[in-house]
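Survey of secondary and tertiary structure
What follows is each chain in one-letter form.
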Amino acid sequence: MSNTKQTPLPFTIDVATNIESGDWPSLMADLNATSHNVVSKVLDVYARKIAIEKLAEATGPVVEVSLVFTNDDNIRRLNRDYRQKDNPTNVLSFPDTELSASTLREAALTDEPLILGDIVFALETVSQEALTQNKKLDNHVIHLLVHGLLHLVGYDHIEQDEADIMEELEICILREFDIDNPYISPDNNRGIS
């Protein structure tokens, strides 16, 4: 990770990690620490991108992100219930509150956390993708976490121009973790489905 000195974020980050599939910790060492580092980096990049500066309030608000590490059966149910797609997928994002200067100010004034949203990962699908795409599992999970966080802050890839913007930002953030462009692989498979 880059050692570039940066000003502190104008908020505190609380990452709630729920491991529903017991195999996750054995497959990915330091899951909690890695997740917190990635969340911090993405939110730092986003805060600088939209020019969120230090708030006048004495203490910055708490921004909460929930991460759920589950299995294909559970994510298939979520995918069916929320997206009407009855199959497992690698990651799902459920945005809650917009991250902006005004929502941060409101959270600080009310002393309530700003709930950014939830990101859910499916162990079997993510593991199989990493294997098929010849990627390290840790790097693939980090990429999917970056991807999911960008969804939480409002990025999408429905239209090609949106996808191009989102992918470029993902690639830029992943460089901070010494991870190569995930959208280019030896067999030219795309990284996110």
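The following paragraphs examine the structure supplied in this document. (Residues numbered from 1 in each chain as written. Predicted model: local features only at pLDDT ≥ 70, side-chain atom pairs only at ≥ 80, totals over all residues. Heavy atoms only, no water.)

**With respect to helix H3 (residues 72-83)**
Those residues of H3 that fall on the buried side of the exposure criterion are Asp-72, Ile-75 and Asn-79. Here the buried residues of H3 occupy an arc of 70° about the axis, which is enough to place them on one side. The elements touched by buried residues of H3 are strand S2 (62-70), strand S3 (91-95), strand S4 (114-122) and helix H5 (123-132). Where H3 begins, the side chain of Asn-71 points an oxygen toward the backbone nitrogen of Asp-73, at a separation of 3.2 Å. Of the residues trailing H3, Gln-84 is marked for its positive phi of about 55°. (Buried < 20%, exposed > 50% of the residue type's maximum accessible area, 1.4 Å probe, protein only. Helix = DSSP H or I, 4+ residues; strand = E, 2+ residues; numbered from the N terminus. Arc of directions from axis to C-beta. Contact = heavy atoms within 4.5 Å. Polar contact = N/O pair within 3.5 Å; in protein donor to acceptor, adjacent residues only side chain to side chain.)

**Looking at the pattern of salt bridges**
Tallied over the entire structure, the rule returns four salt bridges. Glu-176 is the salt-bridge partner of Lys-41, the closest N and O atoms lying 3.6 Å from each other. Pair noted here: Lys-41 is in helix H2 (residues 31-49) and Glu-176 is in the segment after helix H7 (160-175), with a separation of 135 residues, a long-range link. For Glu-176, a relative accessible area of 24% puts it in the partly exposed group. Two residues, Asp-44 and Arg-48, come together in a salt bridge whose shortest N-O distance is 2.9 Å. Residue Asp-44 and its partner Arg-48 are both found in helix H2; the two are separated by four residues, about one turn of the helix. Judged by relative accessible area, which is 7%, Asp-44 ranks as buried. For Arg-48, a relative accessible area of 47% puts it in the partly exposed group. (Salt bridge = Lys/Arg side-chain N within 4 Å of Asp/Glu carboxyl O.)

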